[in-house]
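The residues making up each chain are set out below.
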Amino acid sequence: MNMNNVIEDPVVSIIMPVYNVGNYIEECLTSVINQTYPNIELILVNDGTKDNSVEIAQRVLSRWNGHYRIVHQKNSGACAARNNALQLATGKYIMHLDADDKIEIGLIEKQIECLRKHGFDENEVAVCRWIGLEDHSVCMSEKISHDYEIPSDLLIDMYINHVCIYPHCYMVPRHLVEKAGFWDTSLVQDEDGDFFARIIANAKHITYNSEQVALYRFGNMTSQSKEVSFKAINGFVETAIKKSTLLLSVSSNPKVNEAVYELVSLKPKQYHPYFHKACQKAELYLSQTINRNIAYPKCSIKTWIYYYLVRFGLKKSPLHP
């Protein structure tokens, strides 16, 4: 391949952790194999899977002419797997794709087309909307479905509108990954929210792809993200505080305080009156940084009675798995 082709079609490294996804990985990999973009590098990291995910992957990929590699590690979590793959990736652009999700056939080509318009600026990120695989729900608010000249404003709009953008919606230059830092393995919840917040905070422009979508699966119940416990809620609060501190450091938008409040208070309000220690952590942060108190929803007397029975160990919290 000559230099002109390298410039026209930069390598895209798709990073995929693999752990107990035997029911979904063939469908996911097929969506990669069927991509219309020609220059893809796929790196799968076997995170100590206990099922036949790797065997299925090897069978599916054996019929693909593209470049791929499968690496193995002790079970260390998805963040460690992604960091492992990032060190091996050679692409100018990085896409993170979980093995239970999918991408539309032309997604990578369209993302690259969006980035090509600005000369493959190493500080520009492409994003697209996503659709739920089970219910075909579209969860990309129209309020954020556009380009952003000030990338931190995307974080503000996401936090205020409680909108998620999942990992495979992003096409990120390798340069920005190195600048923003790899995945934080110390976090226990919303690790992708932290990683992409740092990517966006370090970007110079966000380009929005309205034509193709990423497909997200809600139904993988082996995911630890489905756990509702003190560890989970406290983890969400800790990550929200980290993301908020970052946003406050990079944004002068008048709406930044509102975004911080909505982000940090979300889980405490959602699970009030349970998980009081996590709530106290959120309350203290908001009070000290933006001088706001959490406006909790009203609870019935019955809820409060049950809550105190739980606190004194007389009942088990209905929120625990």
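Up top you'll find the structure we're talking about.
A quick note: this is a predicted structure, and the numbers were derived from the prediction, not measured.

(A) Expanded view of the sheet that holds strand S1 (residues 12-18). Taking strand neighbours across the sheet as the criterion, the eight strands line up as S3-S2-S1-S4-S7-S6-S8-S5 in an open arrangement whose pairing is mixed. Looking at the sheet topology across the chains shown, the edges are occupied by strand S3 (67-73) and strand S5 (102-103). Contacts between helix H8 (residues 191-202) and the sheet are confined to strand S4 (93-96), strand S6 (124-132), strand S7 (170-173) and strand S8 (205-216), with S7 contributing the most and set at about 55 degrees to the helix.

(B) Quick look at the pairing of strand S2 (residues 40-47). Burial analysis of S2 places eight of its eight residues in the buried class, the great majority of the element. Residues Ile40, Leu42, Leu44 and Asn46 point to one face of S2 and Glu41, Ile43, Val45 and Asp47 to the other, with burial holding for every one of them. Pairing geometry for S1 and S2, over seven bridges, is parallel. Each bridged residue has a counterpart across the sheet, and for proline 17 the counterpart in S2 is valine 45. Following the backbone out of S1, through helix H2 (residues 25-33) and into the adjacent parallel S2, one traces a crossover that is right-handed.

(C) Layout of a nonpolar patch on the surface. Together, Trp304, Tyr308, Phe312 and Leu314 make up a nonpolar patch on the protein surface, roughly 480 Å² of accessible area in all. By secondary structure assignment, the location of phenylalanine 312 is in the segment after helix H12 (301-311).

(D) Molecular detail of the packing of helix H6 (residues 152-161) against helix H10 (residues 256-271). With their axes 8 Å apart at the nearest point, H6 and H10 run at an angle of 45 degrees to one another. By the angle between their directions, the pair H6 and H10 is classed as oblique. As H6 runs across H10, the sense of the crossing is left-handed. Here Ile156, Tyr159 and Ile160 of H6 come into contact with H10, specifically with Val256, Glu258, Ala259, Glu262 and Leu263.

(E) The arrangement of helix H11 (residues 276-289) in detail. When the terminal C-alpha atoms of H11 are compared, their 20 Å separation across 14 residues agrees well with the 20 Å that a helix rising 1.5 Å per residue should span. Those residues of H11 lying buried are Ala278, Cys279, Ala282, Tyr285 and Leu286. Angular distribution of buried residues about the axis of H11 spans 130 degrees; they occupy a single face of the element. Summarising the geometry of H11, the exposed residues directed more than 90 degrees from the buried face are Lys277 and Gln288. Contacts from the buried residues of H11 go to helix H9 (230-250) and H10.

About the criteria used
- Residues numbered from 1 in each chain as written.
- Predicted model: local features only at pLDDT ≥ 70, side-chain atom pairs only at ≥ 80, totals over all residues.
- Heavy atoms only, no water.
- Pairing = 2+ DSSP bridges.
- Helix = DSSP H or I, 4+ residues; strand = E, 2+ residues; numbered from the N terminus.
- Contact = heavy atoms within 4.5 Å.
- Axes fitted to C-alpha atoms, helices over the stretch in contact; angles between N-to-C directions.
- Buried < 20%, exposed > 50% of the residue type's maximum accessible area, 1.4 Å probe, protein only.
- Right-handed = clockwise from strand over helix to strand, strands pointing away.
- Patch = residues over 30% accessible without salt bridge, like charges linked within 9 Å, V, L, I, M, F, W, Y side chains within 5 Å.
- Areas by Shrake-Rupley, 256 points an atom, 1.4 Å probe, with all protein chains shown as cover.
- Salt bridge = Lys/Arg side-chain N within 4 Å of Asp/Glu carboxyl O.
- Parallel < 35°, antiparallel > 145°, perpendicular 65-115°, else oblique.
- Left-handed = near helix turned anticlockwise from the far one by under 90°.
- Expected span 1.5 Å × (residues − 1).
- Arc of directions from axis to C-beta.

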